[in-house]
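Structural overview
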Amino acid sequence: MSWHQELLVGFDLETTGTDVEQDRIVTAALLRLEGDGRAAEQQTWLLDPGVPIPEEAAAIHGISTAYVREHGQAPATAIEEITQALAEALRADIPLVVMNARYDLSLLDRECRRHGVPTLTERLGHAPAPVIDPLVLDKHVDRYRKGKRALQALCGHYGVRLEGAHEAGADAAAAAGVARRIGERYPAIAIPSPRALHALQERAAAEQAASFQAYLRRSGDPEAIVEPAWPLIPYQARA
């Protein structure tokens, strides 16, 4: 039986921005989804990130600074719970589905370091795996398709229902749905081993980064550097 017919864990973050080194987690959701897509378990977190939530970010996910200051958990406590929940799933070899995993998992890694919490890599003894990233998979199986590849666009393309875009639980469920549809549609990646699929995505992500970097340089940005690492951007300690 292939990975797309078995238990998956969907994960998503909503944050204060798009910089993995500087921005903070506002909400997180982790869903265990049966092979038929039914939710077996859901965990959600609302954090007070300790910094103001920019208006641009609040306009996307609908969560204000005032709201998290009144209702949010202390970030260190929530980040410990989130990271431990992910570690438990991955230790059980349950695939972790994360749309644009490079962003979410790297930002979580930096939050762990910021708050003195053991990182996911430290808990596992290796980089997070097995991870399934619908963005990397879609680019791999349909490289030349025109148009956007954000989660909403992928849901439309693969016929996956998305209720409440930019709500962490809804996005996590939708990402898992997209991953499953890709597995159903493309037999070449409907392989039995999630670990083998993880390795395939590592190679695909590196190829995609190199291709995008070449495109940027052809477009007039000779110094362009696109991060090839996946699913986690290596941490660079500041001097």
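As shown above, the structure is provided for reference.
Residues numbered from 1 in each chain as written. Predicted model: local features only at pLDDT ≥ 70, side-chain atom pairs only at ≥ 80, totals over all residues. Heavy atoms only, no water.

Examining the overall build of the chain
- When helices and strands are tallied, the chain shows nine helices and five strands.
- Reading the chain from its N terminus to its C terminus gives the helix and strand order β-β-β-α-α-α-β-α-α-β-α-α-α-α.
- Taking 18 Å as the expected radius of gyration for a compact globule of 239 residues, we find that the chain reaches 17 Å, a close match to that expectation.
- With the C-alpha coordinates of the chain rotated into their principal frame, the extents come out at 50 × 50 × 35 Å.
- A total of 239 residues make up the chain; the buried ones form 50% of that total. (Helix = DSSP H or I, 4+ residues; strand = E, 2+ residues; numbered from the N terminus. Rg over C-alpha atoms; globule rule 2.2 N^0.38 Å. Buried < 20%, exposed > 50% of the residue type's maximum accessible area, 1.4 Å probe, protein only.)

Thoughts on the environment of Gln-213
- In this structure, Gln-213 sits in helix H9 (residues 194-218).
- With sequence-adjacent residues up to four places away left out, Gln-213 is seen in contact with Ala-224, Ile-225 and Val-226. (Contact = heavy atoms within 4.5 Å.)

As for the sheet that holds strand E3 (residues 39-46)
- Judged by pairing direction, the sheet is mixed, and its five strands sit side by side in the order E3-E2-E1-E4-E5 without closing on themselves. Pairing within the sheet leaves two strands with one partner each, and these edge strands are E3 and strand E5 (131-132).
- Examined bridge by bridge, strand E2 (residues 25-33) and E3 share seven bridges and lie antiparallel to one another. Bridging across to E3, Thr-27 finds its partner in Leu-46. (Pairing = 2+ DSSP bridges.)

Things to note about the side chain of Thr-27
- You can see Thr-27 is positioned in strand E2.
- Once residues within four sequence positions are removed from consideration, Thr-27 is found in contact with Asp-12, Leu-13, Glu-14, Trp-45, Leu-46, Ile-63 and Ala-168.

As for the nonpolar core
- If you look at the biggest cluster of nonpolar residues, it comprises 36 residues, and the most contacted ones within it are Phe-11, Trp-45, Ile-82, Leu-86, Leu-96, Leu-105 and Leu-108.
- At the level of secondary structure, the elements contributing two or more residues to this core comprise strand E1 (8-15), E2, helix H3 (75-91), helix H4 (101-114), helix H5 (120-124) and H9.
- With eight residues, H3 is the single largest residue contributor to this core.
- Apart from residues lying up to four places away in sequence, Phe-11 is in contact with Ala-28, Ala-29, Leu-30, Ile-82, Leu-86, Leu-96, Val-97, Val-98, Leu-105, Leu-108 and Ala-172.
- Listed in part, the 26 residues of the second largest apolar core include Met-99, Ala-174, Ala-175 and Leu-197. (Core = buried A, V, L, I, M, F, W, Y, C linked by side-chain atoms within 4.5 Å.)

What about the pairing of E2?
- The element E2 is extensively covered by neighbouring structure, given that nine of its nine residues are classed as buried.
- Direction of pairing for E1 relative to E2: antiparallel, over a ladder of eight bridges. By the bridge assignment for E2, Val-9 is matched with Arg-32.
- Where E2 hands over to E3, the hairpin turn is made up of five residues, of which Gly-37 adopts a positive phi near 95 degrees.

With respect to unusual backbone geometry
- In this structure, Pro-130 follows Ala-129 across a cis peptide bond, with omega equal to -5 degrees.
- Its place among the elements puts Pro-130 in the loop between H5 and E5.
- With an omega of 5 degrees, the peptide bond between Trp-230 and Pro-231 qualifies as cis.
- Take Pro-231: it is sitting in the segment after H9.
- Of note, Asp-93 is a non-glycine position whose phi angle comes to about 65 degrees, a positive value.
- Looking at where Asp-93 falls in the secondary structure, it is placed in the loop between H3 and strand E4 (96-97).
- Residue Asn-100 is not a glycine yet carries a positive backbone phi of 55 degrees.
- Position of Asn-100 among the secondary structure elements: in the loop between E4 and H4.

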